[in-house]
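These are the residues of each chain, in order.
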Amino acid sequence: MSLMKNVWVFSDKQDILAEICAGAHQLGERVTALLIGNQSTADEVIKAGADHVYLMGELDGSRMVEDFLPTIEKLVEDHKPELIIFGNTKRGKLMAGRLAAKRGTSVLADVIEFAEDGTCKRRVYGGAAISTIKSNAEVAIATVGSGVFGPQSLDESRQGTTEKVEFIPADSKIKCLERRAKGSVTVNLTAAKRVVAVGRGFAEKEDLKMAEELAELIGAEIACTRPIAEGLDWLPRERYVGVSGVMFKPDLYIALGISGQIQHMVGCNQSKTIIAINKDKAAPIFKQVDYGIVGDLYKVLPTLIEKLKAGK
Amino acid sequence: MNVITCYKIVPDDQDIIVHEDRTLGLEKAELEIGQYDLPAIEAGMKVVADAGGKVSALSVGSKHLENTKLKKAVLSRGPDDLYLVVDDSLADADTHQTARTLAAAIKKIGNADLIICGEGSSDLYAQQVGAQLGELLGMATINAVSKITVEGDKVIVERTLEDEVEVLEVSLPAVISVTTDIIQPRIPSMKEVLSAGKKPVTQWNLADIGLADNPKTMETINTLAPELAERKLIINEGDSEEVVDQLLANLRQELQ
């Protein structure tokens, strides 16, 4: 296996940074984190997997995360790692793109797999296909989401080095006036082992209670298709599964009233076991299930819940 | 306020066929404006409705951009005029080539105050062109924008991130990528469709915009439908107790 010598990682989210640093050892001999933080956050990132940390400074009221881009650009230009990975948050995508433009290249966006031959894979056409791509750049730039490298463990005894670097001020054309938490409760579905997902087979928002009851009985998280979150607004956006939403591989995925369009299935078709209840026999989901019932979920679900309860 | 909204013509992915060898057949897929670009166009119309000015639409790509129906489809959504950069080498352009071409065209159009891009393209969805374009033009560049308000020579935007919302003051000129929920795109009226045909269209090639040399920065080796996981496909019909019992037994096994 041909490992790269140097892989760098940046993310504005500490947990994603730690996860990718750990995973990046599958790709490179030496993993370097570009960190906004202090010595104690640097120590955490080293425990997670970084061999080296460039400590670029801390966020303060006047600095946006994006203002660290000139500092990152300078480090990349000086050291030229073979690959720099950005966590694929909104900020990460913006910064990766701006860095790529500066360096005259494209970004390997939302990579789902890195191969030994230097190629990587990403989803295209709403998940209907996967492209194998390769960067021609001296420093390849990629964005990667949570879960791509699989779960990682902390090693309390891991050693690494930290180096403080000078913050290079950005010519700020953008000023942050206000920052507020989003109204909805944040959920991290990617970590869920069991999931009960709902689709348009539910006629009323009220009826989702059945799905919630089932989820509670089996210790599952609730998820949904895009129309349930966007359009009907029955559940928050963070809970919809699909190419522009959550993509994960839980152990168990129970799809209720979901027809199984590719745009949805791409988010969950790596699940270990898929169970579906849907009244439409021709629904595409029935080509991708382990266990299924072609039937009315309004009849099947209450019976199932009752029996589950009785069995406990 | 001179607004330019960028869009991409893409195949409707509902019509994509997967062949036996997992390659894709796009021949039957109808071409359309990217679904993430429609709110970008509408957001541009809203800015001009509020602050005055003009909206130009801009796209770069291969010959299919010349399709009359597609040109009308864009112009019927409100823009005053349309600019196209057509070259067959742009058919499978990477994000850097696309951003470079857009940047060169925007410079040639001149006097742009605000450039609005969609969240990503419906076909490749790299969500990269807006970010690269802004950097290439040396303009203020921001993404995930869910609200735009014009205030003099600046815009105030709301940016919706994973778990927070930022309110940002963005100096102009700027390149802004917007979310799909920024605004509901219109369904063009008959009047809008009819008047679309009379609006000016300017078409350039790469040489016209001084971009004869626009090399690829990445290669696409292949594009294949994913191999689906093998499933047990144990499916029963009906809602009888027996059917539910069977599922329950399977479910219990999975829960162990």
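Residues numbered from 1 in each chain as written. Chains lettered and ligands numbered in written order. Predicted model: local features only at pLDDT ≥ 70, side-chain atom pairs only at ≥ 80, totals over all residues. Heavy atoms only, no water.

Brief notes about the sheet that holds strand E4 (residues 83-87) of chain A
Item 1. Spatially, E9(A)-E3(A)-E2(A)-E1(A)-E4(A)-E8(A)-E5(A)-E6(A)-E7(A)-E14(B) is the arrangement adopted by the 10 strands of the open sheet, whose pairing is mixed. Whereas interior strands pair on both sides, the edge strands pair on one side only; in this sheet they are strand E9 (161-164) of chain A together with strand E14 (218-224) of chain B. Across the sheet, the mean angle separating the axes of adjacent strands is 35° when strand polarity is ignored.
Item 2. Of the strand pairs in this sheet, strand E1 (residues 4-10) of chain A and strand E2 (residues 28-35) of chain A are connected by 6 bridges, and their pairing is parallel. Bridging across to E2(A), A:Phe10 finds its partner in A:Leu34.
Item 3. Running over the sheet, helix H1 (residues 14-23) of chain A touches E1, E2, E4 and strand E8 (140-144) of chain A and is turned about 165° from E2(A).
Item 4. Across the sheet, helix H4 (residues 90-102) of chain A is in contact with E1, E4, strand E5 (108-114) and E8 of chain A; its angle to E4(A) comes to roughly 150°. (Pairing = 2+ DSSP bridges. Helix = DSSP H or I, 4+ residues; strand = E, 2+ residues; numbered from the N terminus. Axes fitted to C-alpha atoms, helices over the stretch in contact; angles between N-to-C directions. Contact = heavy atoms within 4.5 Å.)

Looking at the packing of helix H8 (residues 297-310) of chain A against helix H6 (residues 241-255) of chain B
Item 1. It is the contact of H8(A) with H6(B), at a shortest axis distance of 10 Å, that shows an interaxial angle of 55°. What the angle tells us is that H8(A) and H6(B) run oblique. In this structure, H8(A) crosses over H6(B), and the sense of that crossing is right-handed. On H6(B), the residues that touch A:Val300, A:Thr303, A:Leu304, A:Lys307 and A:Leu308 of H8(A) are B:Glu241, B:Val244, B:Asp245, B:Leu247, B:Leu248, B:Leu251 and B:Arg252. (Parallel < 35°, antiparallel > 145°, perpendicular 65-115°, else oblique. Left-handed = near helix turned anticlockwise from the far one by under 90°.)

Topic: the domain arrangement of chain A
All names here are of chain A.
Item 1. Domain assignment breaks chain A into domain 1 (4-164) and domain 2 (189-311).
Item 2. Across the boundary between the two partners, domain 1 contributes 6 residues, which contact 7 residues of domain 2.
Item 3. Both faces combined, the contact of domain 1 with domain 2 buries some 480 Å², and carbon together with sulfur accounts for 59% of it.
Item 4. Looking only at domain 1, the three residues that lose the most surface to domain 2 are Arg123, Gly126 and Gly127, adding up to 71% of its buried area.
Item 5. Of the residues contributing to the side of domain 1 that touches domain 2, the split by class is 1 nonpolar, 4 polar and 1 charged. (Domains from an automatic or database assignment. Buried area = accessible area lost by both parts, 1.4 Å probe. Nonpolar A, V, L, I, M, F, W, Y, C, P; charged D, E, K, R; others polar.)

Looking at the nonpolar core
Item 1. One finds A:Val196, A:Phe202, A:Leu214, A:Ile218, A:Ile254, A:Leu256 and A:Leu301 to be the most contacted residues of the largest nonpolar core, which totals 36 residues.
Item 2. Here this core gets 7 residues from one element, more than from any other, and that element is helix H5 (residues 208-218) of chain A.
Item 3. Grouped together as the second largest cluster of nonpolar side chains are 29 residues, A:Leu108, A:Val111, A:Phe149 and B:Met218 included. (Core = buried A, V, L, I, M, F, W, Y, C linked by side-chain atoms within 4.5 Å. Buried < 20%, exposed > 50% of the residue type's maximum accessible area, 1.4 Å probe, protein only.)

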